[in-house]
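# Fold and geometry: a report
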Amino acid sequence: MSRRLDGNAIAGDLMELFGTEMTVAWAVCRSCGAHDQLAEMQVYRDAPGVVGRCSHCEAVLLRIVRAPGRTYVELTGVASLQIPG
Amino acid sequence: MAEVAATVPETSRTRTLVLDVPGWSGHRAGQHLDVRLTSDDGYQAQRSYSIASAPDDRPAITVERLEDGEVSPYLVDEVHEGDAFEVRGPIGGYFVWEPGDERPVLLVGGGSGVVPLMAMARARAMAGADTPMRLLYSSRTIDDVIYRAELDRLARGGFDVAYTLTRGQPPGWQGYARRIDDDLLREVAWPADGTPIVFVCGSTHFVDAAADGLVRLGYEPGWIRTERFGATG
């Protein structure tokens, strides 16, 4: 069974990808419209990549897959991101 | 690279590593750092550890040994002063407390989930803040309580600690002796009308139970900051 964590668990990876602290960024879920900080999303990272889900409706917000020399990022489930700073 | 400046045994399963990190920009109470170990054949393992020290001190992490872990047995049992490994940090901005925040603070920690909360208690003491702060700290047994002597020293002037031991209690134990439930939260938590801020850290199950219980007590979900850790080791 995959362990459910939260967005804090991938804060370092998000900072590396986006170049800034992202757990305080607000994301709007494309599926249910909930407005949450990325720290609050459900995170599963036992899969080959990282999957982040909305803590309200559990729709997939983002996927991150690392491969040698490159990283794939999908933000399909995020309607908008508000990044402080 | 971080160099181990000192090691402090805490409990039989935990040890604190004080780190010298050239160029360290300082941290905020509640942040963590990532440790990356690379073996001779290039295999890498990365883990996140909460920073236990106050913001003005050198970063220190307290690591719990997980028996089948790849990283924690090395950090708890093998690493010596002067050894070096790669770190990334400080990381995080959500699970952070600033001494200037005057709201009453409730800290709820399960097991080694107390580590970032200890940084908050130390930050409060170092800043000389009089913000009311209360720690509810759940451990299996008395021998698993990390920082006990220091917590008892800090427990004055508006900071206090409620312990609960879930798997066994020493003779004459005065604290709680069960898992966190709604009655226990009602006795320990600040009244909801004081609009407190809450930091809950521990395993996913622990965090969910505590946060859900606080909401049932009348706490707004927005007052509760949570950090869940998994036993990756």
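Rules used in this analysis
- Residues numbered from 1 in each chain as written.
- Chains lettered and ligands numbered in written order.
- Predicted model: local features only at pLDDT ≥ 70, side-chain atom pairs only at ≥ 80, totals over all residues.
- Heavy atoms only, no water.
- pLDDT = per-residue confidence, 0-100.
- Core = buried A, V, L, I, M, F, W, Y, C linked by side-chain atoms within 4.5 Å.
- Buried < 20%, exposed > 50% of the residue type's maximum accessible area, 1.4 Å probe, protein only.
- Helix = DSSP H or I, 4+ residues; strand = E, 2+ residues; numbered from the N terminus.
- Contact = heavy atoms within 4.5 Å.
- Pairing = 2+ DSSP bridges.
- Axes fitted to C-alpha atoms, helices over the stretch in contact; angles between N-to-C directions.
- Phe/Tyr/Trp six-rings, centres within 6.5 Å; stacked < 30°, edge-to-face > 60°.
- Polar contact = N/O pair within 3.5 Å; in protein donor to acceptor, adjacent residues only side chain to side chain.
- Expected span 1.5 Å × (residues − 1).
- Salt bridge = Lys/Arg side-chain N within 4 Å of Asp/Glu carboxyl O.

To continue, consider the confidence of the model for chain B. Chain-level statistics for chain B give a pLDDT mean of 96 and a share of 99% at 70 or above. In the predicted complex, the global pTM is 0.96; the interface-specific ipTM is 0.94.

Here the focus is the nonpolar core. All names here are of chain B. Judged by nonpolar contacts, the single largest core of 32 residues is most densely connected at M120, L135, L151 and F199. Among the elements of the structure, strand 7 (105-110), helix 2 (114-127), strand 8 (133-139), helix 3 (148-154), strand 9 (159-165) and strand 10 (197-203) are those that each provide at least two residues to this core. The element that contributes the greatest number of residues to this core is helix 2, accounting for eight residues. Residues contacting L151, with those up to four places away along its chain left out, are M118, L135, Y137, I146, F159, V161 and Y163.

Residue and element names in this part refer to chain B. If you walk across this open sheet you meet the five strands as 9-8-7-10-11, and the pairing is parallel. In this open sheet, the two edge strands, each paired with only one partner strand, are strand 9 and strand 11 (224-229). Across this sheet, the average inter-strand angle for adjacent strands is 10 degrees, counted without regard to direction. Sheet analysis places strand 10 next to strand 11, joined by six bridges and oriented parallel. The residue bridging F199 from the neighbouring strand is R225, located in strand 11. With respect to the sheet, helix 5 (residues 204-216) is in contact with strand 7, strand 8, strand 10 and strand 11, its orientation differing from that of strand 10 by roughly 150 degrees.

A separate point is the environment of B:P73. Looking at the secondary structure, you find B:P73 in helix 1 (residues 72-78). Here the alpha-carbon distance between B:P73 and B:T14, two residues 59 residues apart in the chain, equals 9.7 Å.

Note on aromatic pairs: each is described by the distance of the centres and the angle between the planes. All names here are of chain B. Throughout the structure, instances matching the rule amount to four aromatic pairs over all chains. A ring pair is formed by Y219 and W223, whose centres lie 5.5 Å apart and whose planes are at 65 degrees; its orientation type is edge-to-face. With relative accessibility at 16%, the residue W223 sits in the buried group. The structure contains a cluster of three or more aromatic residues connected by ring pairs, namely Y137, Y163 and W173.

Residues and elements named next belong to chain B. Within the secondary structure, T141 is located in the loop between strand 8 and helix 3. Sequence spacing of T141 and G168 is 27 residues, and the spatial spacing of their C-alpha atoms is 5.3 Å. When neighbours within four sequence positions are excluded, T141 is seen to be in contact with L165, R167 and G168. A distance of 2.9 Å separates a polar atom in the side chain of T141 from a polar atom in the side chain of D144.

Another point: helix 1 (residues 11-18) of chain A. Within the sequence span of helix 1 of chain A, burial applies to A:A11, A:G12, A:D13 and A:L14. Among the structural elements, strand 6 (60-67) of chain A together with strand 3 (32-38), strand 4 (44-50) and strand 6 (84-91) of chain B are those in contact with the buried residues of helix 1 of chain A. Directly beyond the C-terminal end of helix 1 of chain A, a positive phi value near 80 degrees is found at A:G19.

The subject of this paragraph is helix 2 of chain B. Think of an α-helix as turning once every 3.6 residues; residues three or four places apart then point the same way. Residues and elements named next belong to chain B. Helix length check: helix 2 (14 residues) gives 20 Å between terminal C-alpha atoms against 20 Å at 1.5 Å per residue, within 8%. Along helix 2, 11 of the 14 residues are buried, which leaves the element largely enclosed by surrounding structure. One or two steps after helix 2, the chain reaches G128, where phi turns positive at roughly 65 degrees.

A few words now on unusual backbone geometry. Residue and element names in this part refer to chain B. P90 follows G89 through a cis peptide bond whose omega is 0 degrees. Along the chain, P90 falls in strand 6. Phi is positive for Y147, which is not a glycine, with a value near 65 degrees. Turning to its location among the elements, Y147 is positioned in the loop between strand 8 and helix 3. With relative accessibility at 5%, the residue Y147 sits in the buried group. In the Ramachandran plot, T195 falls in the positive-phi region, its phi being about 40 degrees despite a non-glycine side chain. Its location among the elements puts T195 in the loop between helix 4 (182-188) and strand 10.

Time to look at the pattern of salt bridges. For the structure shown, the criterion picks out 22 salt bridges over all chains. With its nearest N and O atoms 3.3 Å apart, the salt bridge here joins B:D20 to B:R58. Of this pair, B:D20 sits in strand 2 (residues 14-20) while B:R58 sits in the loop between strand 4 and strand 5 (60-64), placing them 38 residues apart in sequence. Given the relative accessible area of 44%, B:R58 is considered partly exposed. Among the salt bridges present, the one from B:R103 reaches B:D101, with a minimum N-O distance of 2.8 Å. By relative accessible area, B:R103 is classed as partly exposed at 35%. Beyond isolated ion pairs, a larger network of salt bridges with shared partners links A:D13, A:E16, A:R66, B:D34 and B:R88.

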